[in-house]
Amino acid sequence: MSMATRKGAQPPAPHGADSHDVIRVHGARENNLKDVSIEIPKRRLTVFTGVSGSGKSSLVFNTIAAESQRLINETYSTFVQGFMPTLARPEVDVLEGLTTVITVDQQRIGADPRSTVGTATDANAMLRILFSRLGKPHIGPPSAYSFNTASVRASGGITVERGAAKTKTVKATFQRTGGMCTRCEGRGKVTDIDLTQLYDDTKSLSEGAFTIPGWKSDSQWTVQLYAQSGFVDPDKPIRRYTKKEMQAFLYGEPTKIKVNGINLTYEGLIPKIQKSFLSKDKESMQPHIRAFVERAVTFTTCPECDGTRLSEGARSSKIKRISIADACAMEIRDLAEWIRGLKEPSVAPLLDALGRTLDSFVEIGLGYLSLDRPAGTLSGGEAQRVKMIRHLGSSLTDVTYVFDEPTIGLHPHDIQRMNELLLRLRDKGNTVLVVEHKPEAIAIADHVVDLGPGAGTGGGTVCFEGTVEGLRAGGTITGRHLDDRASLKESVRTPGGALEIRGATANNLREVDVDIPLGALVVITGVAGSGKSSLVHGSIPVGETVVSVDQTPIRGSRRSNPATYTGLLDPIRKAFAKANDVKPALFSANSEGACPTCNGAGVIYTDLAMMAGVATPCEDCEGKRFQAEVLEYKLGGRDISEVLAMSVTEAEEFFGEGEAKTPAAHKILERLADVGLGYLTLGQPLTTLSGGERQRLKLATHMADKGGVYILDEPTTGLHLADVEQLLGLLDRLVDSGKSVIVIEHHQAVMAHADWIIDLGPGAGHDGGKVVFEGTPAKLVADRSTLTGEHLAAYVGG
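Bear in mind that the values here come from a model prediction, so they are computed numbers and not experimental data.

Participant: Mind showing me how you'd approach the confidence of the model for the protein here?
Facilitator: Note that predicted coordinates carrying low pLDDT should not be read in detail. Model confidence for the protein is summarised by a mean pLDDT of 86, while 94% of its residues fall at 70 or above. The secondary-structure element of the protein with the lowest mean pLDDT is strand β23 (residues 614-617), recorded at 76, while strand β3 (residues 45-49) shows the highest, at 97.

Participant: Just to check I follow, could you spell out empty space enclosed by the protein for this structure?
Facilitator: Using a probe with the size of a water molecule, rolled over the atoms, empty space left in the structure can be pinpointed. One pass over the full model with this rule turns up four cavities of 30 Å³ or more. Here the largest cavity defines a volume of roughly 120 Å³. If you go around the largest cavity, you meet 16 residues; those closest to its centre are Glu405, Lys438, Thr716, Thr717 and His747. Residue composition of the lining of the largest cavity, by class: four nonpolar, seven polar and five charged.

Participant: Looking at this structure, I do not really get unusual backbone geometry. What am I missing?
Facilitator: Backbone phi values are negative for most residues with the exception of glycine, while trans is the configuration of most peptide bonds. Residue Pro137 is reached from Lys136 by a cis peptide bond, and omega for that bond is -5 degrees. A cis amide bond, omega 0 degrees, links Gly761 with the succeeding residue Pro762. Among the structural elements, Pro762 can be located in the loop between β26 (756-761) and β27 (770-775). With a phi close to 80 degrees, Arg625 is a non-glycine residue in the positive phi region. Relative to the helices and strands, Arg625 resides in the loop between β23 and α21 (640-644).

Participant: Any chance you could explain the state of the cysteines here in plain terms?
Facilitator: Should the sulfur atoms of two cysteines be covalently bonded, the bond is a disulfide. Tallying each qualifying case throughout the model produces zero disulfides. You can see Cys595 has no disulfide; the closest cysteine sulfur is in Cys598, sitting 3.8 Å from it. For Cys595, a relative accessible area of 2% gives the class buried. Its relative accessible area of 7% is what places Cys598 among the buried residues.

Participant: Explain the side chain of Glu714 here, please?
Facilitator: The topology assignment puts Glu714 in the loop between β24 (709-713) and α25 (721-736). Here Glu714 occupies a buried position and makes no salt bridge, while the nearest side chain of opposite charge, Lys438, is found at 6.0 Å. Polar contacts involving the side chain of Glu714 include one to the main-chain amide nitrogen of Gly409, which spans 3.1 Å.

Criteria and cut-off values
- Residues numbered from 1 in each chain as written.
- Predicted model: local features only at pLDDT ≥ 70, side-chain atom pairs only at ≥ 80, totals over all residues.
- Heavy atoms only, no water.
- pLDDT = per-residue confidence, 0-100.
- Helix = DSSP H or I, 4+ residues; strand = E, 2+ residues; numbered from the N terminus.
- 1 Å grid on protein atoms, 1.4 Å probe; cavity = no way out; pocket = protein on both sides within 12 Å on 5 of 7 lines; lining within 4 Å.
- Points joined across faces, edges and corners; volume = space filled by probe spheres on them.
- Nonpolar A, V, L, I, M, F, W, Y, C, P; charged D, E, K, R; others polar.
- Disulfide = S-S within 2.5 Å.
- Buried < 20%, exposed > 50% of the residue type's maximum accessible area, 1.4 Å probe, protein only.
- Lys, Arg positive; Asp, Glu negative; His and termini not counted.
- Salt bridge = Lys/Arg side-chain N within 4 Å of Asp/Glu carboxyl O.
- Polar contact = N/O pair within 3.5 Å; in protein donor to acceptor, adjacent residues only side chain to side chain.

Now the structure itself:
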């Protein structure tokens, strides 16, 4: 009889290694965290909630994930660390029980023109190997199917050294077969200059044929250069030029000539335009020049490769009548089906691996993408899910996965799928940490940490930790709003006209004809991949009357802040300059007023070679960024550094009345408060803002535009349930002020609040691209004819 079964025997003592079941954080002070101490259970799904700016990302990403990454980097040799980004140790007293962290965030995949969904995952690499083994005719190794690899041939003498002084020159040839299309260099598109935008060919040069901005016929030097070059007849209409004259006029090589006794260089019109206009950054051009460039330069599909980016050889090699270009153009779910149909024992492991990767796409709700889709066109939510692909089939366990709002860009129908994936990762023995606002995603948590109570300086403390039921009863802002349900509007606005879209065919749209009502709040919805963005961004031209606020990231260094980005700093600098009778440049930390020691950065960066670099506050200006004498100038009793340390709400009060009254600054601050950014400080670096905060900052900037139509792409991204109400109020105010607002959105509260809904579907990819419903939210709920209708009906309790 064994000891364990004997009556009254003690159970064996737990093993010491099993006692580390929590991640302990003690004294976290990153960004706005106020000495946060919590314990997070391992091998469970923990959701972090709280209003926007309450410190969720600071705790999860900037403390737990950052320290894990730093400790892993330290396991490499110092030589290897020299090539890695240096990470500073987070502001925290104790971090125990950390495991390897895999971060899946919303950073867009680089919008490099050569990057596609296939190259961003391993799918393209595996397809290339497959075609190099099975493709008929055989054209070469995997590189022969790569549109990023050019074909190269070289031959010449190489010197070979043998023994003491025996050198010998040997003739050698080198050849590499690539799959890049030579015409478009693997980009799939070519730029053409529309000659009709450069000149009127019915006129001669002396009659003023040029229509290029700034090119006057009589006095302008450039025009005189062409007229008196001797290559063309200045009095003959351009359409009557001979072939030789036309060649010299458009493509002539640089040649020295004399015009009115002055030496000048003549070159053809096309290279001249390319150098003077097309080599410049379009954003920095004056509006009339930019308009000309947009008219004159057309991006067309490459005629040689038909947009596939691949050379003729790569397109000619096929497996079962399918080339690699055809395979990449298929929707991934169809490609997965095709791969399963290939039964070839010699490449069986490769087919299995490729099939698994493609099935992961389908499982995660991205089966509607194709591998040739440019990576830069993916939304933030799609990019995050593409990054998840490589982790789904992973054999790793006991790691910590960190997700940043994985439900972004997902229709309520797809959220269920995402929840199942998160639970599956947890059930493999992993710790899953999720920053999330959606009630459907919070509901599946094993453990909830609610941060707050407010945002910015009003947040940074743990308001609640425990179960979802405990959160509901806990009385925190999140708990109170968890069961909020927006009700359908009693009455909807009557549209004042319509924006007509006819025959829209961008991406997967199928000849869509739809009228978008103007003077109303219109919500465009549908499952991910149904064609919403294609309809709005592809069919409504953005111009003076249409303002588009999308999710493209704001460009901004650590010297940029909300005050510089919104133009708020200009009226503030002028007000300081006027009050103190000095020049405005003194009140800029990037100009004359900068502290000379730190050049206005406020911190001094010390590079410690292979160890983590250190940023220490500048001792001279104490992190204030300005020279001491600048800080002696006051406005309303405050110096410029104190003004930049104010929150938007404080500053709105400060510049609204009294000695510091500045209407221009007050107007911008009002707009920032309107979009729910009252907690941001004016001098906070843009690099510290979350994705949702950046989009709302952009919205605040655009609210001053004269546009009549506003297009917003998922403005509830990163918004807490409590802030969605404020956003709806803002959208109502925009519409009531005479604007038309078109919102691409999945959030049911926004749908319920709409005057008109356009629902696309019924599915994603080739199963979508049609308008399945247009009408009022009440009618959508009553009909329940679409997926959106069913979910909205369940949401409003209809």
